[in-house]
Amino acid sequence: MPLTPHYDPALVARLREALERSDFTVDGVGAVFDPVAHAALAREQVVPALRATTGGTPLETLVRLFLLGATEPLAAVRSALSPLSIDESVSLRLLEPDGDGFRAGLEIRPYGDEAHSWWVVSEQGTDVRPGPLPAQHVLGVGGASVTLAEWTVRQQVGSALDIGTGCGVQSLHLSQHATQVTATDRNPIALALARLTAQLNGLEWELLEGDLFEPVGDRTFDLIVSNPPFVVGPATRDYLYRDSGLEGDAVTRSLVQAAPNHLTEGGWCQLLGNWVHVRGQPFGQALTRWLSPRNGCDVWIVRRAVQDPAEYVEMWLRDSGEADGPAYRRKYADWLDWFAAHDIEAIGFGVITMRNAGHEVPSIEIWPEDMTAEIERPIGRQVADWFTRRDRLRGIDLLDAHLVRAPGLRLEQIRAASTDGWTLTEQWLRQHGGLGSRVLVLDDVMSLVVAGANGDVTLRQQLELIAAAFEVDAKELALATVDLLTQYVGIGLLDIAHS
């Protein structure tokens, strides 16, 4: 497999010096823009930001070059990138001549999390270079990559694998809690830019060229993450970052089915994916067929969004810069024809988490509703807690457990005016924080059970007290409520107290 280049360390060090000296960081760039410019950039509109960066300072020049796609005068560029020379910058693909000035050949974007600040090197997108992207285009930091980074379980691990690394966003995060990071991509340009991202941030990764798991053979890892080319459609490869070359949602299925073979005992796999909703089939039916209980992996699939075919096609054609016109309309129509031929009525997007727990009867759960609630950050901690609760539920009788309410849990009600005053029409439990779970509560018994879940007594003792108050049989009450309460534990409204 071809090795990606190691850039001259001296040149990369001079580039880093220029970026640091100008405060080309998340905080430094953030201070340049007013709220209007920030909001416009979120909509991929650069004009307000260009208007806000006309002072000619080195920081403004770097912002205009690498983030806004502007052509800048030679003198300003030389000053902003010093001690890196113009010729050296061109050799790194950072600059390319444009009339009397220079424009950026790549995007360098400050990026970080709560504790770290990095730079990500990628190719410039359609917001600054309109028109269809090249087939081997390398995306920068986007919504999907941020979603995966937020959902990843950040436990200390020995080995981590980033499948389809692109410019290396996930590998930056993995480097903070993995002893060794291996990253793969089938696009050699992506691997080259991932190498430059790593060097610019003083990191070193094992970078391998190839498709999905093929470059790593039969190796196993403590943590696998992937933001793969998951777009659903015909078996095309118009854009390597988007199209897998496999028909439909086969690339997501392939990763889910292959991942258990590459996980160490207790290892995690987390990936983004699309899957189809076939007309007339219950949600999750196809996903369930992907999952084999024989592999011993607990699995949690959360749907984050769902789109109809037209919305989906429009989004991805816009993403690749294929603007309106005859070619756009033909591709749009052909893609819709493919969906119609396969009776696909919608496409789901979500996060799939697997843990190699080695259970004979693994826990497999698919959340059929879009998770739209605000989730407590970091989300990875909430993901790990979901699996921990599954472990606590195994091999116990819930009636003998001490249940505790989740922090921030509230009972919310709606009452409508009636002849008798205000009549309760609906009530639900909502978790403010955690996973933001929300469930309807059908009767006062369930609300009393949850209200009394403070860990002092067992669930059996709670139900006996409630049964006496309502003058009902305690065993019948237990039969009627234990399954629902188990679900409450599963989604984080309740937890099992440590013994």
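Our subject in this report is the structure included herewith. Being a predicted model, the structure only gives us computed values, none of them experimental. (Residues numbered from 1 in each chain as written. Predicted model: local features only at pLDDT ≥ 70, side-chain atom pairs only at ≥ 80, totals over all residues. Heavy atoms only, no water.)

### Quick look at the overall build of the chain
Here comes step 1: Counting secondary structure elements, the chain contains 18 helices and 18 strands.
Here comes step 2: Its C-alpha atoms give the chain principal-axis dimensions of roughly 90 × 55 × 50 Å.
Here comes step 3: By the burial criterion, 51% of the 499 residues in the chain qualify as buried.
Here comes step 4: Charge-centre separation for the chain: the mean point of 41 positive side chains lies 2 Å from the mean point of 67 negative side chains. (Helix = DSSP H or I, 4+ residues; strand = E, 2+ residues; numbered from the N terminus. Buried < 20%, exposed > 50% of the residue type's maximum accessible area, 1.4 Å probe, protein only. Lys, Arg positive; Asp, Glu negative; His and termini not counted. Charge placed at Lys NZ, Arg CZ, Asp CG, Glu CD.)

### Observations concerning the packing of aromatic side chains
Aromatic rings in a pair are described by how distant their centres are and how their planes are angled relative to each other.
Here comes step 1: Enumeration according to the criterion identifies 14 aromatic pairs in this entry.
Here comes step 2: Geometrically, the ring pair formed by Phe24 and Phe66 is tilted, given 6.4 Å between the ring centres and 55° between the ring planes. Highlighted residues: Phe24 in the loop between helix H1 (9-21) and helix H2 (26-32) and Phe66 in helix H5 (residues 58-66), separated in sequence by 42 residues.
Here comes step 3: We classify Phe24 as buried; its relative accessible area is 0%.
Here comes step 4: Judged by centre distance (6.2 Å) and plane angle (80°), the ring pair of Phe230 and Trp316 falls under edge-to-face. Separated by 86 residues along the polypeptide, Phe230 in the loop between strand E9 (221-226) and helix H11 (250-258) and Trp316 in helix H13 (residues 309-319) bring together distant segments of the chain. Like Trp316, Phe230 is buried.
Here comes step 5: Three or more aromatic residues joined by ring pairs make a cluster, and in this case those are Phe230, Tyr312, Trp316, Trp335, Trp338, Phe339 and Phe349.
Here comes step 6: If you follow Arg390 out to its NZ or CZ, it ends over the ring of Trp386, 3.7 Å from the centre.
Here comes step 7: A cation sits over an aromatic face here: Arg438 above Trp428, 4.2 Å from the ring centre. (Phe/Tyr/Trp six-rings, centres within 6.5 Å; stacked < 30°, edge-to-face > 60°. Lys NZ or Arg CZ within 6 Å of the ring centre and 35° of its normal.)

### Here we look at the pattern of salt bridges
Charged atoms that come close allow side chains of opposite charge to pair.
Here comes step 1: Evaluated as defined, the whole model comprises 22 salt bridges.
Here comes step 2: We note a salt bridge from Glu88 to Arg14, for which the minimum N-O separation is 2.7 Å. Residue Glu88 is found in helix H7 (residues 86-91), and its partner Arg14 is found in helix H1; the two are separated by 74 residues along the sequence.
Here comes step 3: Between Lys331 and Asp238 there is a salt bridge; the shortest N-O distance is 3.2 Å. One end of the pair, Lys331, is in helix H14 (residues 326-341); the other, Asp238, is in the loop between E9 and H11, with 93 residues separating them in the sequence.
Here comes step 4: One connected set of salt bridges, linked through shared partners, spans Asp238, Arg242, Asp243, Glu322 and Lys331. (Salt bridge = Lys/Arg side-chain N within 4 Å of Asp/Glu carboxyl O.)

### Thoughts on H5
Here comes step 1: Counting buried residues in H5 gives eight out of nine residues, a clear majority hidden from the surface.
Here comes step 2: Residues of H5 that are buried include every one of Leu59, Glu60, Thr61, Leu62, Val63, Arg64, Leu65 and Phe66, and no others.

### Notes on the pairing of strand E3 (residues 101-104)
Here comes step 1: Where burial is concerned, the two faces of E3 agree: the one with Gly101 and Arg103 and the one with Phe102 and Ala104 are both buried.
Here comes step 2: In the sheet, strand E1 (residues 72-73) pairs with E3 via two bridges, with the strands oriented antiparallel. Its bridge partner lying in E3, Glu72 is registered against Phe102.
Here comes step 3: Here strand E2 (residues 95-98) runs beside E3; their pairing, made up of four bridges, is antiparallel. Among the inter-strand pairings, Asp98 is bridged to a residue of E3, identified as Gly101.
Here comes step 4: Counted between consecutive antiparallel strands, the loop separating E2 from E3 contains two residues, among which Gly99 sits at a positive phi close to 65°. (Pairing = 2+ DSSP bridges.)

### Some words on the nonpolar core
Here comes step 1: Among the nonpolar cores identified, the biggest contains 147 residues, and Phe24, Ile108, Leu398 and Tyr488 are the most heavily contacted of them.
Here comes step 2: The dominant element in this core, judged by the number of residues it contributes, is helix H10 (residues 188-200), at eight residues.
Here comes step 3: When residues no more than four places from it in sequence are discounted, the contact partners of Tyr488 are Leu429, Val439, Leu440, Val441, Met446, Val450, Leu493 and Leu494. (Core = buried A, V, L, I, M, F, W, Y, C linked by side-chain atoms within 4.5 Å. Contact = heavy atoms within 4.5 Å.)

### A short note on the side chain of Ser159
Here comes step 1: Summarising the element assignment, Ser159 is placed in strand E6 (residues 157-163).
Here comes step 2: Since its relative accessible area comes to 16%, Ser159 is described here as buried.
Here comes step 3: Look past the residues within four positions of Ser159 in its chain and what remains in contact with it is Gln180, Thr220, Phe221, Asp222 and Leu223.

### Describing the environment of Gln427
Here comes step 1: Take Gln427: it is sitting in strand E16 (residues 421-431).
Here comes step 2: For Gln427, a relative accessible area of 5% puts it in the buried group.
Here comes step 3: Sequence spacing of Gln427 and Phe230 is 197 residues, and the spatial spacing of their C-alpha atoms is 39 Å.
Here comes step 4: In this structure, Gln427 is in contact with Leu411, Glu412, Gln413, Leu440, Val441, Asp443 and Asp444, ignoring residues within four places of it in sequence.
Here comes step 5: Polar side-chain contacts of Gln427 include one of 2.9 Å to the side chain of Gln413. (Polar contact = N/O pair within 3.5 Å; in protein donor to acceptor, adjacent residues only side chain to side chain.)

### Re the sheet that holds strand E11 (residues 297-307)
Here comes step 1: If you trace the eight strands from one edge of the open sheet to the other, you get E8-E7-E6-E9-E10-E12-E11-E13, paired in mixed fashion. Each edge of the open sheet carries a strand with a single partner, namely strand E8 (206-209) and strand E13 (364-367). Taking each pair of neighbouring strands and ignoring which way they run, the sheet shows an average axis angle of 20°.
Here comes step 2: Its contacts with the sheet put H13 on strand E10 (263-278), E11 and strand E12 (344-356), and the angle it makes with E12 is roughly 70°. (Axes fitted to C-alpha atoms, helices over the stretch in contact; angles between N-to-C directions.)

### Re the sheet that holds strand E15 (residues 409-418)
Here comes step 1: Strand order in the open sheet formed by three strands is E15-E16-E17, with antiparallel pairing between adjacent strands. Every interior strand has two partners, whereas the edge strands, E15 and strand E17 (438-440), have only one. Averaged over all neighbouring strand pairs, the angle between strand axes comes to 30°, with direction disregarded.
Here comes step 2: Pairing analysis gives three bridges linking E16 to E17, with the strands arranged antiparallel. Among the inter-strand pairings, Arg430 is bridged to a residue of E17, identified as Arg438.

### Thoughts on helix H18 (residues 474-491)
Here comes step 1: The end-to-end C-alpha separation of H18 is 25 Å, in line with the 26 Å expected for 18 residues at 1.5 Å each.
Here comes step 2: Along H18, the largest kink reaches about 40° and is centred on Thr481.
Here comes step 3: Every buried residue belonging to H18 is among Leu477, Ala478, Thr481, Val482, Leu485, Tyr488, Val489, Gly490 and Ile491, and all of these are buried.
Here comes step 4: You can read the cap of H18 off the contacts: a side-chain oxygen lies 3.0 Å from the backbone nitrogen of Lys475, and it is on Asp473.
Here comes step 5: Where H18 ends, the next residue or the one after it, Gly492, has phi of about 95°, a positive value. (Expected span 1.5 Å × (residues − 1). Bend = angle between axes of the 7 residues up to and from the residue.)

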